[in-house]
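# Chains, contacts and geometry: an overview
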Protein chains: 4
Amino acid sequence: MLAMFSTFPIDKGPALGKDVAKVIDLIDKSGLDYQTTAMGTLLEGDWDEVMDLIKKCHLKLRESSKRVNTRITIDDLEGAKGRLKGKVVDIEKIIGRKVKK
Amino acid sequence: MLAMFSTFPIDKGPALGKDVAKVIDLIDKSGLDYQTTAMGTLLEGDWDEVMDLIKKCHLKLRESSKRVNTRITIDDLEGAKGRLKGKVVDIEKIIGRKVKK
Amino acid sequence: MLAMFSTFPIDKGPALGKDVAKVIDLIDKSGLDYQTTAMGTLLEGDWDEVMDLIKKCHLKLRESSKRVNTRITIDDLEGAKGRLKGKVVDIEKIIGRKVKK
Amino acid sequence: MLAMFSTFPIDKGPALGKDVAKVIDLIDKSGLDYQTTAMGTLLEGDWDEVMDLIKKCHLKLRESSKRVNTRITIDDLEGAKGRLKGKVVDIEKIIGRKVKK
């Protein structure tokens, strides 16, 4: 399945870079396929591996924050694999030109 | 912690009542504190009990659907309990009047 | 259509009550049908009236915050009205018992 | 400000490519800076131009669907520009290595 998530502390001021970096570091080392964006990270994997990683990221931020906000969106399509990049490529085929990605 | 989630199939047509009812039935029998709304269900509990219940609901819908979309928002405030109703009551105290809930 | 939204500053510390109260006060005075919950506010109305109100709430918080996070979910079903409470009542009819709301 | 959004019909079966393509086509022609991902599209612009485009996309899908679900997340940081790619570059500087993007 595909997931998109973001997690951030709400008691650390307006600059979140250091906290987001801790999270991306964990994700990058996890072995799961992922994509970092300006609004959250996409993950591809099965339910348990995706959710275990998100929990780990959330708890990492809670170590130094009293209040953490985490959002997860899951798109679970039977039999779908390699969708992290594949979905956008499919859209480009339908439109007939490249789009920004 | 508090969570809000919604889960629904995207291949069953515009009427979702029967699928949503299956999910609410599972939640109601789970023993976790919850609140049903027109846009999703609020849960209060610790990470694992909340996420185990959401997984169960998601998989229930996947039994009869090829594609299920699930969204979760988590508000994890250290030491907070009884917030499902308590948060709105606190807001009413600040505003100084009752609001719709 | 139905919408659920939340808006909060991320640079004001872990306690959000005063900021949330400003938002609920605007909503309560707007005349739109709404429901306040511990995880956000549900609104019912057409696109423009819902979005204008959300913009007003977001900008209210930006007056005293450098960084505001706002999330909106829209469920737009043709011809649907009175769904703020009606959806949950329909679920109860399918399940055959009352649920927490 | 930065926004991430997704919009899809829930009454058209499990394959969403054609509908998503209509939306991406509108975004690509809008002139706003954007990034397409497997879980939604990121936009950068001011409130009105971002929201007008999202409304246009939502209504495009409603032309051929009875029920459309749209989700928007907004990260509004005072004075921030060029954050669509800049945020991830900043994270890489903090971590000290390239990440997947």
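Worth saying up front: this structure is predicted, and the values here are computed from it rather than measured.

As a further point, take the overall build of chain A. Each helix and strand counted, chain A has three helices and four strands in total. Order of helices (α) and strands (β) in chain A, N terminus to C terminus: β-α-β-β-α-β-α. When its C-alpha atoms are laid out on the principal axes, chain A stretches across 45 × 30 × 20 Å. Restricting the contact set of chain A to residue pairs at least 6 apart, pairs at least 24 apart contribute 66%.

Our focus in this paragraph is the environment of Lys22(A). All names here are of chain A. Turning to its location among the elements, lysine 22 is positioned in helix α1 (residues 17–30). For the pair lysine 22 and leucine 61, spaced 39 residues apart in sequence, the C-alpha to C-alpha distance is 8.0 Å. Lysine 22 has contacts with Lys60 and Ser64, leaving out every residue within four places of it along the chain.

Let us look at the pairing of strand β1 (residues 2–9) of chain A. All names here are of chain A. The buried fraction of β1 is high, at eight of eight residues. Burial of β1 is two-sided: the residues Leu2, Met4, Ser6 and Phe8 facing one way and the residues Ala3, Phe5, Thr7 and Pro9 facing the other way are all buried. With four bridges connecting them, β1 and strand β3 (residues 40–44) associate as antiparallel partners. The partner of phenylalanine 5 across the bridge, within β3, is threonine 41. Sheet analysis places β1 next to strand β4 (residues 67–77), joined by eight bridges and oriented antiparallel. Bridge pairing in β4 links alanine 3 to isoleucine 74.

Here we take up the pairing of strand β4 (residues 67–77) of chain D. Burial of β4(D) is extensive: 10 of the 11 residues sit out of reach of the surface. Sheet topology note: the strand β4 (residues 67–77) of chain C/β4(D) ladder contains 11 bridges and is antiparallel. The residue bridging Arg71(C) from the neighbouring strand is Thr73(D), located in β4(D).

A few words now on the interface of chain D and chain A. Between chain D and chain A, the contact holds 37 residues from the first and 37 residues from the second. Buried surface at the junction of chain D and chain A, both sides included, amounts to about 3000 Å², of which 67% is carbon and sulfur. Interface area lost by chain D to chain A is led by Ala38(D), Met39(D) and Lys100(D), which between them contribute 23%. Among the salt bridges present, the one from Arg97(D) reaches Asp28(A), with a minimum N-O distance of 2.9 Å.

Of note, Ile74(D) is situated in strand β4. Relative accessible area serves as the criterion here: at 0%, Ile74(D) is assigned to the buried category. A C-alpha to C-alpha distance of 28 Å links Ile74(D) and Arg97(D), two positions 23 residues apart in sequence. Leaving out residues up to four positions away in the same chain, Ile74(D) has contacts with Met39(A), His58(C), Val68(C), Asn69(C), Thr70(C), Ile72(C), Met1(D), Leu2(D), Ala3(D), Trp47(D) and Met51(D).

Superposing chain D onto chain A takes a rotation of 180 degrees plus a shift of 0.0 Å along the axis, which leaves an RMSD of 0.0 Å. Viewed as a symmetry operation, the transformation between the two copies matches a two-fold axis. Here 100% of the interface residues in chain D have copies in chain A that are interface residues too; the copies meet face to matching face.

This next bit is on the interface of chain C and chain A. Chain C puts 11 residues into the contact, and the matching count from chain A is 12 residues. In total, chain C and chain A occlude about 960 Å² of area from one another, counting both sides; carbon and sulfur atoms represent 61% of this. Among the residues of chain C in contact with chain A, Ile10(C), Pro14(C) and Arg71(C) are the three that bury the most area, contributing 50% of the side total. Run the count over chain C and chain A and you get zero salt bridges.

Looking now at the side chain of Asp19(C). Residues and elements named next belong to chain C. Mapped onto the elements, aspartate 19 comes out in helix α1 (residues 17–30). Overall, the relative accessible area of 6% leaves aspartate 19 in the buried class. For aspartate 19, the contacting residues outside a window of four places in its chain are Pro9, Lys12, Leu61 and Ser64.

Attention now goes to the pattern of salt bridges. Applying the stated rule across the entire model yields 60 salt bridges over all chains. Measuring nitrogen to oxygen at the nearest pair gives 2.8 Å for the salt bridge that ties Lys101(C) to Glu92(C). A relative accessible area of 45% means that Lys101(C) is categorised as partly exposed. Note that Lys87(D) and Asp75(D) form a salt bridge whose closest N and O atoms lie 2.8 Å from each other. In this pair, Lys87(D) sits in helix α3 (residues 83–95) while Asp75(D) sits in strand β4, placing the two residues 12 residues apart along the sequence. When salt bridges with common partners are traced through the structure, they connect Asp25(A), Asp28(A), Lys29(A) and Arg97(D) into a single cluster.

The rules behind these values
- Residues numbered from 1 in each chain as written.
- Chains lettered and ligands numbered in written order.
- Predicted model: local features only at pLDDT ≥ 70, side-chain atom pairs only at ≥ 80, totals over all residues.
- Heavy atoms only, no water.
- Helix = DSSP H or I, 4+ residues; strand = E, 2+ residues; numbered from the N terminus.
- Contact = heavy atoms within 4.5 Å.
- Buried < 20%, exposed > 50% of the residue type's maximum accessible area, 1.4 Å probe, protein only.
- Pairing = 2+ DSSP bridges.
- Buried area = accessible area lost by both parts, 1.4 Å probe.
- Salt bridge = Lys/Arg side-chain N within 4 Å of Asp/Glu carboxyl O.
- Least-squares fit on C-alpha atoms with pLDDT ≥ 70 in both.

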